[in-house]
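Each chain, letter by letter, is given below.
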Amino acid sequence: MTEAPPTRLVDLLELAQIEIGLYRGRQPQTDRQRVFGGQVAAQALIAGSHTVPPEFSVHSLHSYFLRPGDTSVPIVYDVEVLRDGRSFCTRRSVARQHGRPIYYQTANYQIHEDGFDHQDTMPDVVPPEDSVRFLDLIERQGGDAAAFAREWASLDIRFVGASGRGLPLDPHQPAQVRLWMRVAESLADEPLVQCAAFTYASDLTLLGATLVPHGVTIGSPGMQVASLDHTIWFHRPFRADDWWLYDQWSPSASGARGLSLARVFSHDGTLVATVAQEGLIRQRIA
């Protein structure tokens, strides 16, 4: 009997163990032609973390998207133990379909330690309840808000502003976007679940910042957009199912590639993560 596709993000993060260090991830019901990058990154993080002693927590992941994933078949994750130390350990997870790798992730873990502590201050922004629902923004721009709502029902996104649209134009930093985000589902308290859910969400809007100065969006006609690599540094514990500010900016776009960086602040102003991504932003000329 064919297994029904998961309808919740929390179900998508539950992997089946095939063998020691080998896991299988399910696919959601989707209209997408290829697997969402945040999904494979989150599942790879879950797979690698299952092989790590419980006293270790993930503090960074670095990844490359190699090939488009097939949404019609499961993804197999093969975890390699690279290092087991007293304070740190490292895992490499390879996502495979049809006998070929589609994604690589290296994740590093650390036992909790006390030490020096400082952080950037969160920007002064309007709260989530006073920000624009992302679905309303898509509708205003003539996009298919209903399709977006079906595909991303697990995420609640509120638009704070972008360069020239709610945020002042800064000639020294021309590509900025700020969003409030949270996972709309109630998640378990387990830190790994919270980190994996955040990893899933972190891939959705980041490349959009690279297009802000150019008058187009990811969904504009003629745009070919794809994640090439993705990195997250987890600084402090937080909940992905509570509001967090995604303070995104793009320092460079060239050669049909755009680089985006982001600071992630929890609702109380704590800097909890930093994200970096480079992606393809190719404009096809008819």
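For the structure, check the block above.
Everything numeric here is computed off the predicted structure, so don't read it as measured data.

About the cut-offs
- Residues numbered from 1 in each chain as written.
- Predicted model: local features only at pLDDT ≥ 70, side-chain atom pairs only at ≥ 80, totals over all residues.
- Heavy atoms only, no water.
- Core = buried A, V, L, I, M, F, W, Y, C linked by side-chain atoms within 4.5 Å.
- Buried < 20%, exposed > 50% of the residue type's maximum accessible area, 1.4 Å probe, protein only.
- Contact = heavy atoms within 4.5 Å.
- Pairing = 2+ DSSP bridges.
- Helix = DSSP H or I, 4+ residues; strand = E, 2+ residues; numbered from the N terminus.
- Polar contact = N/O pair within 3.5 Å; in protein donor to acceptor, adjacent residues only side chain to side chain.
- Disulfide = S-S within 2.5 Å.
- Phe/Tyr/Trp six-rings, centres within 6.5 Å; stacked < 30°, edge-to-face > 60°.

### Description of the nonpolar core
And step 1. Of all hydrophobic cores here, the largest spans 66 residues; its most connected members are Leu45, Phe198 and Tyr246.
And step 2. The residues touching Phe198, leaving out its near neighbours within four places in the chain, are Ile232, Phe234, Phe238, Ala240, Trp244, Val264, Ala273 and Val275.
And step 3. Core analysis: the second largest hydrophobic core is formed by 7 residues, Val160, Trp180, Trp243 and Phe265 among them.

### Things to note about the pairing of strand 4 (residues 75–84)
And step 1. Bridge analysis of strand 2 (residues 22–25) against strand 4 gives 4 bridges, and the strand direction is antiparallel. Within strand 4, the residue paired with Tyr23 across the bridge is Tyr77.
And step 2. Where strand 4 and strand 5 (residues 88–97) come together, 8 bridges link them in antiparallel fashion. By the bridge assignment for strand 5, Glu80 is matched with Arg92.
And step 3. The turn joining strand 4 and strand 5, which pair antiparallel and follow one another in sequence, is formed by 3 residues.

### Quick word on the environment of Phe65
And step 1. One can find Phe65 in strand 3 (residues 56–65).
And step 2. Sequence-wise, Phe65 and Val40 are 25 residues apart; in three dimensions their C-alpha atoms are separated by 9.2 Å.
And step 3. Discounting chain neighbours no more than four positions away, the residues touching Phe65 are Gly37, Val40, Ile102, Tyr103, Ser227, Leu228, Asp229 and His230.

### Description of the environment of Ser202
And step 1. Here Ser202 shows up in helix 5 (residues 191–202).
And step 2. Distance in space between the C-alpha atoms of Ser202 and His230 is 9.2 Å, their sequence separation being 28 residues.
And step 3. Those residues in contact with Ser202 that sit more than four places away from it in its chain are His230, Ile232 and Tyr246.
And step 4. A distance of 2.9 Å separates a polar atom in the side chain of Ser202 from a polar atom in the side chain of His230.

### Some details on the side chain of Asp241
And step 1. Along the chain, Asp241 turns up in the loop between strand 11 (223–234) and strand 12 (244–254).
And step 2. At a separation of 3.0 Å, a polar atom in the side chain of Asp241 contacts the main-chain amide nitrogen of Leu187.
And step 3. Among the polar contacts listed, one links the side chain of Asp241 to the side chain of Arg239, at a separation of 2.9 Å.
And step 4. Apart from the residues lying within four places of it in its own chain, the contact partners of Asp241 are Arg182, Val183, Glu185, Ser186, Leu187 and Gln194.

### As for the pairing of strand 11
And step 1. Of all 12 residues that make up strand 11, 9 are buried, and the element is covered over most of its length.
And step 2. Pairing analysis gives 11 bridges linking strand 11 to strand 14 (residues 271–283), with the strands arranged antiparallel. Looking at strand 14, one finds that Val225 is bridged to Ile281.

### Thoughts on the state of the cysteines
And step 1. Inspection of the entire model under this criterion finds 0 disulfides.
And step 2. The thiol of Cys89 is unpaired, and the distance to the nearest cysteine sulfur, on Cys195, comes to 14 Å.
And step 3. Cys89 sits in the buried class, given a relative accessible area of 1%.

### Focus: the packing of aromatic side chains
How two aromatic rings sit relative to each other is given by the distance of their centres and the angle of their planes.
And step 1. Within this structure, the stated rule accounts for 10 aromatic pairs.
And step 2. Centre to centre, the rings of Phe198 and Phe234 are 6.2 Å apart; their planes meet at 75°, and the pair counts as edge-to-face. Placement of the pair is Phe198 in helix 5 and Phe234 in strand 11, with a sequence separation of 36 residues.
And step 3. The class for Phe198 is buried, based on a relative accessible area of 0%.
And step 4. The interplanar angle of 80° and the centroid separation of 5.2 Å between the aromatic rings of Phe198 and Phe238 together place this pair among those described as edge-to-face. Taken together, the residues Phe198 in helix 5 and Phe238 in the loop between strand 11 and strand 12 connect sequence positions 40 residues apart. We note that Phe198, like Phe238, is buried.
And step 5. Through pairs of rings, three or more aromatic residues link up here, namely Phe36, Phe134, Phe148, Trp152 and Tyr200.

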